[in-house]
Structures are given as structure tokens and as C-alpha cells.
Amino acid sequence: MMKIPNADFLERTKSELLSARLWRLPPKSANTLHRHPKMEEFYFVIEGTGRMRIGEETMTLQKHGGVLVGPKLLRQVFNDTESETLWLIVGAPEEEFPSDEKTRALFYPVDPMQLPEQLAGMVWPPKT
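These numbers were taken from a predicted model, which means no experiment stands behind them.

1. What to know about the sheet that holds strand β1 (residues 6-8)
Pairing is antiparallel across the open sheet formed by five strands, whose spatial order is β1-β2-β9-β4-β7. The open sheet terminates on both sides in strands that have one partner only, identified here as β1 and β7 (66-69). Mean inter-strand twist for the sheet, computed between neighbouring axes without regard to direction, equals 20°. By the bridge criterion, seven bridges tie strand β4 (residues 40-47) to strand β9 (residues 85-92) in an arrangement that is antiparallel. The residue of β9 that forms the bridge with E40 is A92.

As C-alpha cells, this is what we get:
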């Protein structure tokens, strides 16, 4: 939805409990604002400076910093710097992407494409 390059490392393993993705956020970009009904996620910064909002709080994580986000909390990783940021995001139990509007509302109770105030005036994803 937000056109952020990512790779699912557990897809080939057919794991039913755990998900793990690398997300490479370009400068001045953001992932979706979302929550998970049941999944806990651990967010870990591999490269760059990580910026994230969890509920009403905004956090800055330095390289090799991490944070655990519990179920039902709104979350969004974003990059308001001039350099790329590489995140490893691991979560369990794995949840399927919502396919119908009712289920989708559990993950996206607000506009998932809204940008944090730190990116006010920016356009993401880029118009193609």
C-alpha cells in the first residue's frame, strides 16, 4: 500500500506462528499506520535512525535499538531523515492480511496512509 521495499524471510518456511520482514524505508517515507489484533511485534533498527509512532508517542531508535509493540496498539514506522533506514520486524502469532472490510477495520481503524506530523507537506507514496 505504501510502496516500501520489503522482504518476507519466513514465507518459504511456511511458519504459522512467526513473521519476519526487512523493511527499507527511503528518505521522507512511511509505512502504514496500523495495528494487529493479536500479534506482538519487535522492531529492530539495522541501519540508520529509526523513527516510529506508537499510539500518541513518537520514538527515535538508534542503530541496533529495538522496541516491542503489543497487540491492538496503533503503530507506524517512518523516516524523516535524508538517509535510508533498514528495519527488521518480527511478530507472532502471524496474522493473515485482511481480505474483507470488517476484518480490515481491525487492522486499519483510521486512514492507514496518513503520514506523521514529522512528514507534513510530504507526499508518500510517490505518485507514479
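2. A word on the pairing of strand β5 (residues 50-54)
In terms of residue burial, β5 counts as a mostly covered element, since five of its five residues are buried. Two elements, β5 and strand β6 (residues 57-61), share five bridges in a ladder whose sense is antiparallel. In the sheet register, R53 faces β6, and the bridge partner there is T58. Here β5 folds back onto β6 in antiparallel fashion, the turn holding two residues, of which G55 has a positive phi close to 60°. Here β5 runs beside strand β8 (residues 75-79); their pairing, made up of four bridges, is antiparallel. If you follow R53 over to β8, its bridge partner there is Q76.

3. Digging into the pattern of salt bridges
Here the structure, examined in full by the defined rule, presents five salt bridges. Its salt-bridge partner being R24, residue E47 comes within 3.3 Å of it at the nearest N-O pair. Placement of E47 in strand β4 and of R24 in strand β2 (residues 19-25) is noted, with a sequence separation of 23 residues between them. When its relative accessible area of 29% is taken as the criterion, R24 is described as partly exposed. Measuring nitrogen to oxygen at the nearest pair gives 3.3 Å for the salt bridge that ties D80 to R51. In this pair, D80 sits in the loop between β8 and β9 while R51 sits in strand β5, placing the two residues 29 residues apart along the sequence. Note on accessibility: D80 and R51 belong to one class, buried. Taken together, the shared-partner salt bridges in this structure form one network comprising R24, E47 and E84.

Criteria and cut-off values
- Residues numbered from 1 in each chain as written.
- Predicted model: local features only at pLDDT ≥ 70, side-chain atom pairs only at ≥ 80, totals over all residues.
- Heavy atoms only, no water.
- Pairing = 2+ DSSP bridges.
- Helix = DSSP H or I, 4+ residues; strand = E, 2+ residues; numbered from the N terminus.
- Axes fitted to C-alpha atoms, helices over the stretch in contact; angles between N-to-C directions.
- Buried < 20%, exposed > 50% of the residue type's maximum accessible area, 1.4 Å probe, protein only.
- Salt bridge = Lys/Arg side-chain N within 4 Å of Asp/Glu carboxyl O.

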